[in-house]
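# Descriptive analysis of the structure
The residues making up each chain are set out below.
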Amino acid sequence: FRIVEILRELRILAVGLASSFRALAWITLFLMILQLVCSVLLVDGLRDLRYVELVGEHATGRLYNIGDYFGSIEAAFLTLFQILTLESWCM
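Thresholds applied
- Residues numbered from 1 in each chain as written.
- Predicted model: local features only at pLDDT ≥ 70, side-chain atom pairs only at ≥ 80, totals over all residues.
- Heavy atoms only, no water.
- Helix = DSSP H or I, 4+ residues; strand = E, 2+ residues; numbered from the N terminus.
- Rg over C-alpha atoms; globule rule 2.2 N^0.38 Å.
- Buried < 20%, exposed > 50% of the residue type's maximum accessible area, 1.4 Å probe, protein only.
- Contact = heavy atoms within 4.5 Å.
- Polar contact = N/O pair within 3.5 Å; in protein donor to acceptor, adjacent residues only side chain to side chain.
- pLDDT = per-residue confidence, 0-100.
- Expected span 1.5 Å × (residues − 1).
- Arc of directions from axis to C-beta.
- Salt bridge = Lys/Arg side-chain N within 4 Å of Asp/Glu carboxyl O.

## Digging into the overall build of the protein chain
- What the protein chain contains, in helices and strands, is three helices and two strands.
- Start at the N end of the protein chain and walk to the C end: the helices and strands fall as α-β-β-α-α.
- Computed over its C-alpha atoms, the radius of gyration of the protein chain comes to 22 Å, more than 25% above the 12 Å expected for a compact globule of 91 residues.
- For the protein chain, the C-alpha atoms occupy an extent of roughly 70 × 30 × 20 Å along the three principal directions.
- Within the protein chain, buried positions represent 12% of all 91 residues.
- Within the protein chain, contacts between residues at least 6 apart in sequence are counted, and of these 40% link residues at least 24 apart.

Shown next, in the form of C-alpha cells:
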C-alpha cells in the first residue's frame, strides 16, 4: 500500500504544479504588457536623442547610437528584456 500512498502524494504535487501555471501565465502576460508600454514610452521619449557617451568609471570615450537600442519598439523591447534579465547577449 506504500505505492498507493506515494502515487497519491505525487498526484497532489502534480495538480498543485499545474494549477500554478495559470497564475504564472497571467504574471508573464502582465509583465510583457508593462514592458511593451515602457518600450513605447522610451522610443517616443528618446526619439530626438542620437548618441550618448558613458560617464564615470565606465567611460570609454565611445559614442553609443541610441537608435541601436531604442530606435524601434522591437529594439527597445529587446533592450528592456536584456536589462530585466541582467543579460547582454546581443550587445
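## Notes on the environment of Ser-72
- Tracing the sequence through the fold places Ser-72 in the loop between α2 (66–70) and α3 (73–84).
- Judged by relative accessible area, which is 29%, Ser-72 ranks as partly exposed.
- Sequence separation between Ser-72 and Leu-54 is 18 residues; the distance between their C-alpha atoms is 22 Å.
- Within the local environment of Ser-72, its side chain forms a polar contact with the backbone nitrogen of Ala-75, the two atoms lying 3.2 Å apart.

## What to know about the confidence of the model for the protein chain
- When pLDDT is averaged along the protein chain, the result is 87, and 95% of the positions lie at 70 or above.
- Mean pLDDT across the secondary structure elements of the protein chain bottoms out at strand β1 (residues 51–53), with 81, and peaks at α3, with 93.

## Focus on α3
- Across its twelve residues, α3 extends 16 Å between first and last C-alpha, which sits within 8% of the 16 Å expected from 1.5 Å per residue.
- Inspection of α3 places Ala-75, Ala-76, Thr-79, Leu-80 and Gln-82 among the buried residues, and these make up the whole buried set. Down the axis, α3 shows its buried residues gathered within 160° of arc, on one side only. In this structure, α3 carries Glu-74 and Leu-84 as exposed residues pointing more than 90 degrees from its buried face.
- Phi turns positive one or two residues past the end of α3, at Leu-86, with a value near 60°.

## Some details on unusual backbone geometry
- Even without a glycine there, the phi angle at Leu-86 is positive, about 60°.
- Secondary-structure assignment places Leu-86 in the segment after α3.

## Considerations on the pattern of salt bridges
- Taken as a whole and assessed by the stated rule, the structure comprises one salt bridge.
- Between Asp-44 and Arg-47 there is a salt bridge whose closest N-O contact spans 1.9 Å.
- Note on Arg-47: relative accessible area 53%, which makes it exposed.

## Observations regarding the environment of Phe-77
- Tracing the sequence through the fold places Phe-77 in helix α3.
- On the accessibility criterion, Phe-77 (24% relative accessible area) is partly exposed.
- Counting along the chain gives eleven residues from Phe-77 to Ile-66, while the straight-line C-alpha distance between them is 14 Å.
- Contact partners of Phe-77, with chain neighbours within four places excluded, come to Met-32, Gln-35, Leu-36 and Ser-39.

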